[in-house]
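Chain by chain, the residues run as shown.
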Amino acid sequence: MAETSDRIVIAGAGHAGGSVAAMLRQLGWKTGITLVGEEPLPPYQRPPLSKAWLTGEADAESLALRPLGFYNDADIELKLGVRVTKIEPREHRVTFSDGDTMHYAHLILATGSRARRIPLPGIDLANVLELRTAADADKLKHVLKPGARLAVVGGGYIGLEAAASARALGAEATIIELAPRVLARVACEILSNFFQDFHRSQGVTIELNAGVAALEGAGGAVAGVRLADGRLIPCDAALIGVGGVPNEELALEAGIACDGGILVDLAARTSDPAIFAIGDCTRRPLPLYNNRTMRLESVPNALEQAKQAASAICGRPPPVPEIPWFWSDQYDLRLQIVGIPFDATEIVVRGDIAAGKFALFHLAADGTVQAVEAVNASTEFMGGRRIIQRRRQLTAARIADMNVTMQELAS
Amino acid sequence: MPKITFIEHNGTPHTVDIAVGKSVMQAAVENNVPGIDADCGGECACATCHVYVDAAWIEKTGLPAPGSQEASMLSFAAVTQPDSRLSCQIPVTEALDGLVVRMPEGQH
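Reading the values: the criteria
Note on numbering: residues in each chain are counted from 1, in written sequence order. The lettering of chains begins at A and the numbering of ligands begins at 1, in the order of writing. Confidence filtering applies because this is a predicted model: local features only for residues at pLDDT of at least 70, side-chain atom pairs given and counted only at 80 or more, and all residues used for totals across whole chains, interfaces and linings. The way it works is that DSSP assigns letters per residue, a run of H or I at least four long becomes a helix, a run of E at least two long becomes a strand, and they are numbered from the N terminus. The globule rule used for comparison is 2.2 Å times the number of residues to the exponent 0.38, while the radius of gyration itself is calculated over C-alpha atoms. Here a residue counts as buried when 20 or more other C-beta atoms fall within 10 Å of its C-beta, as exposed when 12 or fewer do, and as partly exposed in between; the C-beta atoms come from the backbone. Remark: residues whose backbone-derived C-beta atoms lie within 7 Å of one another are considered to be in contact. Scored from 0 to 100, pLDDT reflects the predictor's confidence in each residue. To get an axis, a line is fitted to the C-alpha atoms, and for a helix only the part in contact is used. The angle between two axes follows their N-to-C directions and goes from 0 to 180 degrees. With the far helix as reference, a near helix turned anticlockwise by less than a right angle produces a left-handed crossing, and one turned clockwise produces a right-handed crossing. Side-chain classes follow a simple rule in which Ala, Val, Leu, Ile, Met, Phe, Trp, Tyr, Cys and Pro form the nonpolar group, Asp, Glu, Lys and Arg form the charged group, and the remainder, Gly included, forms the polar group. The span you would expect from a helix comes to 1.5 Å times its residue count less one. A strand pair is defined by DSSP finding two or more bridges across the two strands. To define a nonpolar core, we join buried Ala, Val, Leu, Ile, Met, Phe, Trp, Tyr and Cys residues through C-beta atoms within 7 Å and take the resulting set. Domain segmentation is taken from an automatic or database assignment of domains.

### Thoughts on the overall build of chain A
Phase 1: Regarding its fold elements, chain A presents eleven helices and 26 strands.
Phase 2: In terms of overall size, chain A behaves like a compact globule, its C-alpha atoms giving a radius of gyration of 22 Å where 411 residues would be expected to give roughly 22 Å.
Phase 3: Taken along the three principal axes of its C-alpha coordinates, chain A extends 65 × 65 × 35 Å.
Phase 4: Across the 411 residues in chain A, those meeting the buried criterion constitute 48%.
Phase 5: Across chain A, contacts joining residues at least 24 apart in sequence account for 60% of those joining residues at least 6 apart.

And the structure:
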């Protein structure tokens, strides 16, 4: 028989964990909340780490999700520098890395994801970096001096944003990508080509179809990236950004169903009714896409699932389903993507790609808009969100016609 | 410190203190006022910190410039009105002490 508790334990104090704690108080949860985080910092925003924070436009204080006094005022117990090491679902009990144990009424797993590590020779050399935490970002900022050479392994969002920030700081950047194009996993070919051209115009070198054989060092620090074709890319630091892996081991060991992410429903509930999971560590259904399941590594997803979990726990109606969206800032480009083009058969360009102000509409065979990728085109992004939500069917000719306003397209 | 009052869609008021130089959105987030999601953290990228500025204050806060990033983002935000603003784009000044803003029914 489990010892009864009226406490909510939140494992993970990132954007998801910090937000769900605050939302539980907003929705009237009166009893104990314990927020457990492995990092030494209270919850902070990760997106600026590769953007405004890295280039010095945002300071450390502005990263904090809430002021430190908030947790005290809201009676949220913060346990930092500690992680949950074991869950005993039948006892409703967790064990922490410092040896303490705690009973819970509800447990929320917000364990996030970690940078994928590739077993390359030289991976342990100094200045071989990843970018996940504020501590990682500190190390990267320290090496990005004018004239320094950064090699970026992986042409995803983290890699492209870091390369753009490196250029803004006067450092050199080379992006090394295994696929034939950057952003291959997350964007369409037109967008990949646009970003490749733009980065090259800003002085970034991009190596495509390029495997990495090893990281080579001098005096214990990385000095170059050896490509599979034998060439050496000399560098002062190497940033490895080849995707994220969900932190699901804790859940797996407790017998909670996982499948490349902790499986949750639209209330963010796992296979154990007392245990919820939110954010990067989950695989979740997408109600606007026939409940396909997917891992969404994004702040909006973390916040939506935080709302789902807090609403379910506090007995409130579930929040309105949101369409997945993502954003990225590089140089003076703002990329905003809404929706996911699972069944898209056609891409329609609206605007002027050469002028760097355009949107790509992804249409399914019946003309339903599934996703919109917008570059410096926020009206198209916002209008696209409404069009997708309302399942509007549009013709390619009308979308491409700039004489038809977004208001008209969305009406 | 200037005081700002947020009125939830259901009429519940929240009056909070906020330092000059922060944004009206930060005043809500730092004080856990419900109804301001602020997904993007103040980058004017998401339109989830949408508020209606009280008529008495619209002259002091101003409206988004036509064609601006804020105006674009507001063009399709949930239930916009002529007095709609994105609260992350309103910097707090002494002149805004006493500001009253209302929240839309939802941010999505």
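### Brief notes about the interface of chain B and chain A
Phase 1: Taken residue by residue, the interface counts 18 residues in chain B and 24 residues in chain A.
Phase 2: By residue number, the principal contributor to the side of chain B that touches chain A is helix α3 (residues 69-74) of chain B, which donates three residues.

### What about the confidence of the model for chain B?
Residues and elements named next belong to chain B.
Phase 1: Averaged over all residues, the pLDDT of chain B equals 92, while 100% of them reach at least 70.
Phase 2: For chain B, α3 is the element with the lowest average pLDDT, namely 90, and strand β1 (residues 3-7) is the one with the highest, namely 97.
Phase 3: Across the assembled chains, the prediction reports ipTM 0.89 with pTM 0.94.

### Notes on the packing of helix α1 (residues 15-26) of chain A against helix α8 (residues 299-313) of chain A
Residues and elements named next belong to chain A.
Phase 1: For the pair α1 and α8, the least separation of the axes is 9 Å and the interaxial angle reads 35°. Classified by chirality, the crossing of α8 by α1 is right-handed. Side by side, α1 and α8 meet where His15, Ala16, Ser19, Val20, Met23 and Leu24 of the first sit next to Val299, Ala302, Leu303, Gln305, Ala306, Lys307, Ala309, Ala310 and Ile313 of the second.
Phase 2: Of the residues in the contact of α1 with α8, the class split is eleven nonpolar, three polar and one charged.

### Considering the environment of A:Thr270
Residue and element names in this part refer to chain A.
Phase 1: Residue position: Thr270 is located in the loop between β18 (262-263) and β19 (275-277).
Phase 2: Considered as a pair, Thr270 and Ile256 are 14 residues apart in the sequence and their alpha carbons are 6.9 Å apart.
Phase 3: The residues touching Thr270, leaving out its near neighbours within four places in the chain, are Ala251, Ile256, Ala257, Ile262, Leu263, Val264, Ile275, Phe276 and Ala277.

### A word on helix α6 (residues 189-201) of chain A
All names here are of chain A.
Phase 1: Here α6 spans 18 Å end to end across 13 residues, near enough to the 18 Å set by a 1.5 Å rise per residue.
Phase 2: Inspection of α6 places Leu191, Ser192, Phe194, Phe195, Gln196 and His199 among the buried residues, and these make up the whole buried set.
Phase 3: Lining the buried residues of α6 we find α5 (157-168), β11 (172-176), β12 (205-207), β25 (357-364) and β26 (369-375).
Phase 4: Just downstream of α6 lies Gly203, where phi reads positive at about 95°.

### Comments concerning the environment of B:Arg85
Residue and element names in this part refer to chain B.
Phase 1: Within the fold, Arg85 resides in strand β4 (residues 84-86).
Phase 2: The sequence separation of Arg85 and Gly62 amounts to 23 residues, and the corresponding C-alpha distance is 8.9 Å.
Phase 3: In this view, Arg85 contacts Val51, Val53, Thr61, Pro64 and Ile90; residues no more than four positions away in its chain are not counted.

### Some words on the sheet that holds strand β22 (residues 325-330) of chain A
For sheets, the rule is that strands pair by backbone hydrogen bonds, running either parallel or antiparallel.
Residues and elements named next belong to chain A.
Phase 1: Spatially, β22-β23-β26-β25-β24 is the arrangement adopted by the five strands of the open sheet, whose pairing is antiparallel. The sheet terminates laterally at β22 and β24 (344-352), the two strands that pair on one side only. In this sheet, adjacent strand axes meet at a mean angle of 15° when their direction is disregarded.
Phase 2: Two elements, β25 and β26, share six bridges in a ladder whose sense is antiparallel. In the sheet register, Phe358 faces β26, and the bridge partner there is Val375.

### Focus: the sheet that holds strand β2 (residues 13-17) of chain B
All names here are of chain B.
Phase 1: On the basis of which strands lie adjacent, the open sheet formed by five strands has the order β2-β1-β5-β3-β4 and mixed pairing. Looking at the sheet topology across the chains shown, the edges are occupied by β2 and β4. Strand-to-strand, the axes of this sheet are offset by a mean angle of 35°, without reference to chain direction.
Phase 2: Pairing geometry for β1 and β2, over five bridges, is antiparallel. The partner of Thr5 across the bridge, within β2, is Thr15.

### Focus: the nonpolar core
All names here are of chain A.
Phase 1: With 106 residues, the main nonpolar core has Leu150, Val152, Ala238 and Leu239 as its most contacted residues.
Phase 2: The element that contributes the greatest number of residues to this core is α5, accounting for seven residues.
Phase 3: For Val152, the contacting residues outside a window of four places in its chain are Gly159, Ala162, Ala163, Ala173, Thr174, Ile175, Ile176, Leu239 and Gly241.
Phase 4: Core analysis: the next-biggest nonpolar cluster, separate from the first, contains 47 residues, Phe70, Leu107, Leu263 and Ile313 among them.

### Observations regarding the domain arrangement of chain A
Residues and elements named next belong to chain A.
Phase 1: Segmentation of chain A into domains returns domain 1 (8-114 + 245-313), domain 2 (128-242) and domain 3 (332-410).
Phase 2: Using only C-alpha atoms to locate each centre, domain 2 and domain 3 end up separated by 30 Å.
Phase 3: On the domain 3 side, the residues contacting the six residues of domain 2 number six residues.
Phase 4: The residue makeup of the side of domain 2 that touches domain 3, split by class, is six nonpolar, no polar and no charged.

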